[in-house]
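# Geometric and topological summary
Residue strings, one per chain:
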Amino acid sequence: MKYCRSFLSLILIAIPALFWSFSVHGQSSDPIKVGANIGNVPWEFQDTNGDYVGFEIELVNEIGKRLGREVDIMNVPFNGLFAATQSGRIDMAISSIAITETRLQSASFAQPYYDSDQSLTVRVGNGISSLEDLRGQIIAVDTGATGDMWATENQEKYGFSEIRRYEGLAPAMLDLTIGRIQGYISDIPAMQYYAKDKPGLQVAERIKTGGSYSIMMGKNTPLSTQVNDVISTLKQEGFINALHEKWFGAPAEATTSTVKVVDMPGVRDGLILNFVETFLNTQVFLDTYPMLIMGLMTTIQLGVLSIFSGLVLGLILALARLYASPAVKFVVKAYIDIFRSIPLLVLLIVIFYALPFVGLSLSPFYAAATALTVVSGAYTAEIFRAGIEAIPKGQFEASEALGLGYRHMMSDIILPQAIKIVIPPLTNNCINVIKDTALASVVAMPDLLKQATQAQAVAANPTPLIAAAVIYVIFLLPLVLWVSRLENKFKVGDR
Amino acid sequence: MTALIKLENVTKHYGNFQALKDVNLDVEEGEVVCVIGPSGSGKSTMIRCINLLEQYDNTGIITVDGIQVQKGKNLKNVRAEVGMVFQNFNLFPHLSILKNVMLAPMRIRGISKEDAKKRALELLNKVGIGEQADKFPAQLSGGQQQRVAIARALAMEPKVLLFDEPTSALDPEMVGEVLEVIQALAHSGVTMIVVTHEMGFARQVANRVIFMDEGQIVEQGSPSDIFDNPQEIRTQNFLKAVLNH
Ligand SMILES: Nc1ncnc2c1ncn2[C@@H]1O[C@H](COP(=O)(O)OP(=O)(O)OP(=O)(O)O)[C@@H](O)[C@H]1O
Ligand SMILES: [Mg+2]
């Protein structure tokens, strides 16, 4: 568990953003850097040749042409778009991003070009055909997207038992098919497009949210007004409506923002956000810290459970590896080697998404706890084994000669001495387990990182990510310091 | 009356190497037997078979107080009756001196903490380190540690004590204090088998001296038989070598 991808990704989003935010924003002759969550059909996705295609891809290419600049499109996950835009890492973001009041506080949008609603997608034949049927059921949304915001606001009204937050369509659809979730709330055009050729799925209900999509850009950048003007022109020329006809099979109604030129969404206050307001925004922090605290609780519960069960498992494995029959030793060694080499992320996905096909469907929490325990157990077993093997043979012989049975020899003599040796590596392992809990967000577990990601998407501001990083440090730093103190202490004296 | 310890046709192989060859030995209750012989002759192997720290070949039989020494339920009982003192003391470094001595009686004999403590202090006084009861092994000298190890073995009130070169790891000036303790025990009637290179000590305390070579008991007899009038050439050569150097 040397690496920890999700924790890293948090840093990767946040830290480079700090630097980019100081760099000079793109000159008008440079290519326009566009971030897009590729895979968001029919807006931006890859065709069979691997080329980026879709409604918004064609739109930004045309905008670039009109502005006389090249367009450089890069694949950025939806939740990374906000920090990327504000840091100047990209000049504009597309991905059917809804214009909201909160987002306008941190970013600028061009005038909308698509009016959307949300939709409820269900599995055909499981008795659920409307929002009313979802009382007490688990529903799914995309982390931080419009559907997430709507579902959170309306959770009480409709009595959803739980809202699971996913990174993208595919895993959510898999869980809907398995029956782990009963409904999926997301943008209607994407769902209609997706369900078109899947008879098992059905868009059951339109949810009127009155959202409209546009291109998101850095707050008050000159580019945002230029793009807005180009969009006016393209609407007047009928270019955008032609895109609508191409990608949705029919032209838009004349009253919609796809056809009508409308005002650029008002900028909420006239200042360009500076570094502090972008990354250390007090208001955003106050608004989102309850979410972070909930995430922290989940992270702690998951961490403590996994660490504890991993310790028990590891101790059993270590003893089996040292003292069991050759056959058992072999199996245990194989277990330890396999689970130390398998990436935790892969294991987590297998446990969560593959086991249901053999009839074992674990909740996100227990799936994550299982994966963490299984891997942590393998590491702990090796730590314990090394600890026990470091005890001189004479200690075993003296215990045996006194007539102490195996149990007392272990509990009174060997393990108490081994513990001292293994505490530093075990604590390191604990730190890794806690950091690895962040990987649980791939199975829609609302841990600290997941909550922070969601919060930054809702607020369109990376402050929650910074706050989460600080929380991780606050929790892990004492452990790290404790380990190095112990290591020093054991180095100096024998006792 | 059968002997307290009985070895019949005991052999021991490490792979192809034969460390013990058909050893027969009876030790009576109250007897003090010293085992001498060159390095690698199988002295340690023989006494370690008696409490099954080494598994002897299944062609032989060892009994302690009539109970056969073999794997299984009875092994704990045998080991409780056989105390052992090692060359390297093997005290438990994470426990105080007192706890080192108290542990086994509490765990195995099931006696109360108070009784165990009382008894442990008596024994520590007897070996002359009652003052140090609360210290840890690393804080004591080698001679003191070995005396604690003897007290620890005695705490189980064993029928027999096995010593495997109890003074070989000690600085010369500490050898005496440990030998004195063992000698006092010998005079008090405890049955003992002592593997030793201290010829003077063997001559003084042993009822019987056994000379081993190449995994066999070559010769045995009273101290004066062995030291003053050895019959076997191998014994003579060995004694010449150790006494002249
Ligand atoms: N675990 C083992 N594996 C293989 N051979 C061993 C093992 N233990 C002892 N031997 C061999 O058995 C023989 C007898 O060893 P043992 O330790 O009993 O000798 P010793 O008489 O006690 O010698 P010393 O005076 O050096 O302690 C030696 O040749 C030794 O190399
Ligand atoms: Mg030896």
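Along each chain, numbering runs from 1 in the same order as the chain's sequence is written. Chain letters and ligand numbers both follow the written order, the letters beginning at A and the numbers at 1. Per-residue local features are limited, in this predicted model, to residues with pLDDT of at least 70; the limit for side-chain atom pairs, both in listing and counting, is 80 or more; totals at the level of whole chains, interfaces and linings are taken over all residues. Excluding hydrogens and water, the side-chain figures rest on all heavy atoms present in the structure.

## Considering the site of ligand 1
Residue and element names in this part refer to chain B. When at least one non-hydrogen atom of a residue lies within 4 Å of a molecule or strand, that residue is treated as near it. Around ligand 1 sit 13 residues, and of these Ser39, Gly40, Lys43, Ser44 and Thr45 come closest. In this structure, Ser41 approaches ligand 1 through a main-chain N or O atom, which is 3.2 Å from an oxygen atom. Helix and strand definitions here come from DSSP, where helices need a minimum of 4 consecutive H or I residues and strands a minimum of 2 consecutive E residues; each element is numbered from the N-terminal end. Of all elements in the fold, only strand 2 (17-27) and helix 1 (43-50) reach the threshold of two or more residues within the shell around ligand 1. Among the residues making up the shell around ligand 1, the classes are represented as four nonpolar, seven polar and two charged. In the analysis that follows, any N or O atom pair within 3.5 Å is treated as a polar contact, provided that within protein one partner can donate a hydrogen and the other can accept it, and provided that, for residues neighboring in sequence, both atoms belong to side chains. In this classification, Asp, Glu, Lys and Arg are treated as charged, Ala, Val, Leu, Ile, Met, Phe, Trp, Tyr, Cys and Pro as nonpolar, and every other residue, Gly included, as polar.

## Some details on the sheet that holds strand 7 (residues 160-164) of chain B
Pairing between sheet strands relies on hydrogen bonds along the backbone, with the strands arranged either parallel or antiparallel. All names here are of chain B. Strands are treated as partners if at least two bridges between them are detected by DSSP. Read across the sheet, six strands follow the order 6-7-8-3-9-10 without closing on themselves; strand pairing throughout is mixed. One side of each edge strand has no neighbouring strand; the edge strands of this open sheet are strand 6 (82-85) and strand 10 (216-221). The sheet shows a mean angle of 20° between the axes of neighbouring strands, taken without regard to direction. Strand direction decides the pairing type here: strand 7 and strand 8 (residues 191-195), joined by five bridges, are parallel. Between N-to-C directions, angles cover 0 to 180 degrees, with each direction set by a line fitted to C-alpha atoms, over the stretch in contact for helices.

## A word on the packing of aromatic side chains
All names here are of chain A. In this analysis, rings of Phe, Tyr and Trp, with Trp reduced to its six-membered ring, are considered paired at centre separations within 6.5 Å, and the interplanar angle assigns stacked below 30 degrees, edge-to-face beyond 60, and tilted for intermediate values. Enumeration over the complete set of coordinates arrives at 19 aromatic pairs over all chains. Ring plane angle 20° and centroid distance 6.2 Å describe the contact between Phe55 and Tyr113, whose orientation is recorded as stacked. With Phe55 in helix 2 (residues 55-67) and Tyr113 in the loop between strand 6 (107-109) and strand 7 (114-123), this residue pair connects regions lying 58 residues apart in the sequence. A residue is classified by how much of its surface remains accessible, and Phe55, at 0% relative accessible area, is buried. On the basis of relative accessible area, Tyr113 is assigned to the buried category, the value being 0%. Both rings, one in Phe352 and one in Tyr353, keep their centres 4.8 Å apart while their planes meet at 80°; by these two values the pair is edge-to-face. Exposure categories follow from relative accessible area, calculated using a 1.4 Å probe and restricted to protein chains: below 20% of the type maximum is buried, above 50% is exposed, and the middle band is partly exposed. Given a relative accessible area of 0%, Phe352 falls into the buried group. Exposure remark for Tyr353: the relative accessible area of 9% places this residue in the buried category. For a Lys NZ or an Arg CZ to count as sitting over a ring, it must be within 6 Å of the ring centre and within 35 degrees of the ring normal. Taking NZ or CZ as reference, Arg180 lies 3.5 Å from the ring centre of Phe352, over its face. The ring of Tyr194 carries Lys198 above its face, with NZ or CZ at 4.0 Å from the centroid.

## Re the side chain of Glu54 of chain B
Note that Glu54 of chain B resides in the loop between helix 1 and strand 4 (61-64). In what follows, residue pairs with any heavy atoms lying within 4.5 Å of each other are defined as contacts. Apart from the residues lying within four places of it in its own chain, the contact partners of Glu54 of chain B are Lys12, Tyr14, Arg48 and Cys49 of chain B.

## Comments concerning the interface of chain A and chain B
Listed per partner, the contact involves 18 residues of chain A and 22 residues of chain B. The term buried area denotes the loss of accessible surface (1.4 Å probe radius) that occurs when two parts are joined, taken as the sum for both partners. In total, chain A and chain B occlude about 1,800 Å² of area from one another, counting both sides; carbon and sulfur atoms represent 62% of this. By salt bridge we mean one thing: a side-chain nitrogen of Lys or Arg within 4 Å of a carboxyl oxygen of Asp or Glu. Applying the counting criterion to the chain A and chain B interface returns three salt bridges. Ionic pairing is found between Asp412 of chain A and Arg107 of chain B, a salt bridge with its closest N-O pair at 2.4 Å. For the pair chain A and chain B, the number of links is six residue pairs in polar contact (both at pLDDT 80 or more). With nine residues, helix 15 (residues 393-402) of chain A is the single largest residue contributor to the side of chain A that touches chain B. Here the residues of the side of chain A that touches chain B sort into six nonpolar, seven polar and five charged.

## Some points on the pattern of salt bridges
Pairs can form between side chains of opposite charge once their charged atoms are near each other. According to the stated counting rule, one finds 30 salt bridges over all chains in the structure shown. Close ionic contact of Lys208 of chain A with Asp117 of chain A constitutes a salt bridge, the shortest N to O distance being 3.5 Å. Here the residue Lys208 of chain A occupies a position in strand 11 (residues 201-218), and Asp117 of chain A occupies one in strand 7, the gap between them amounting to 91 residues. A residue is classified by how much of its surface remains accessible, and Lys208 of chain A, at 67% relative accessible area, is exposed. Asp117 of chain A gets classed as buried once you look at its relative accessible area, which sits at 7%. As a salt-bridge pair, Glu400 of chain A and Arg79 of chain B come within 3.9 Å of each other at their nearest N and O atoms. One end of the pair, Glu400 of chain A, is in helix 15; the other, Arg79 of chain B, is in helix 2 (residues 74-81), on a second chain. For Glu400 of chain A, a relative accessible area of 25% gives the class partly exposed. By sharing partners, the salt bridges in this structure join Glu62, Lys65, Arg66 and Glu237 of chain A into a single network.

## Regarding the sheet that holds strand 4 of chain B
All names here are of chain B. Pairing in this open sheet of four strands is antiparallel, and the strands run 2-1-4-5 from one edge to the other. In the strand order of this sheet, the two ends are held by strand 2 and strand 5 (67-68), each with one partner. Where strand 1 (residues 5-14) lies against strand 2, seven bridges are found, and the strand directions are antiparallel. Residue pairing across strands places Lys12 opposite Leu20, the latter belonging to strand 2. Across the sheet, helix 1 lies against strand 1, strand 2 and strand 4, angled at about 60° from strand 2, the strand it touches most.

## What to know about the state of the cysteines
Residues and elements named next belong to chain B. Two cysteine sulfurs form a disulfide in these notes if their separation is within 2.5 Å. Under the counting rule described, the total for this entry stands at zero disulfides over all chains. Note on Cys34: no disulfide assigned, nearest cysteine sulfur contributed by Cys49 at a separation of 19 Å. Given the relative accessible area of 0%, Cys34 is considered buried. By relative accessible area, Cys49 is classed as buried at 0%.

## A look at the packing of helix 11 (residues 282-323) of chain A against helix 16 (residues 406-436) of chain A
Residues and elements named next belong to chain A. The interhelical angle for the contact between helix 11 and helix 16, taken along N-to-C directions, is 135°, at an axis separation of 11 Å. Viewed along their axes, helix 11 and helix 16 adopt a mutual orientation that is oblique. For the pair helix 11 and helix 16, the crossing hand works out as right-handed. Every residue of helix 16 that contacts helix 11 at Thr299, Gly303, Ser306, Ile307, Leu311, Leu315, Leu319 and Tyr323 is listed here: Tyr406, Met410, Leu415, Leu426, Cys430, Val433 and Ile434. Reported orientations rely on four angle classes, namely roughly parallel under 35 degrees, roughly antiparallel over 145, roughly perpendicular from 65 to 115, and oblique for the rest. Rotating anticlockwise by less than a right angle from the far helix to the near helix defines a left-handed crossing, while the corresponding clockwise rotation defines a right-handed one.

## A word on the confidence of the model for chain B
Known as pLDDT, the predictor's per-residue confidence is scaled from 0 to 100. Overall, the predicted model of chain B reaches an average pLDDT of 94, with 99% of residues at or above 70. Interface predicted TM-score (ipTM) for the complex: 0.95; the corresponding pTM is 0.71.

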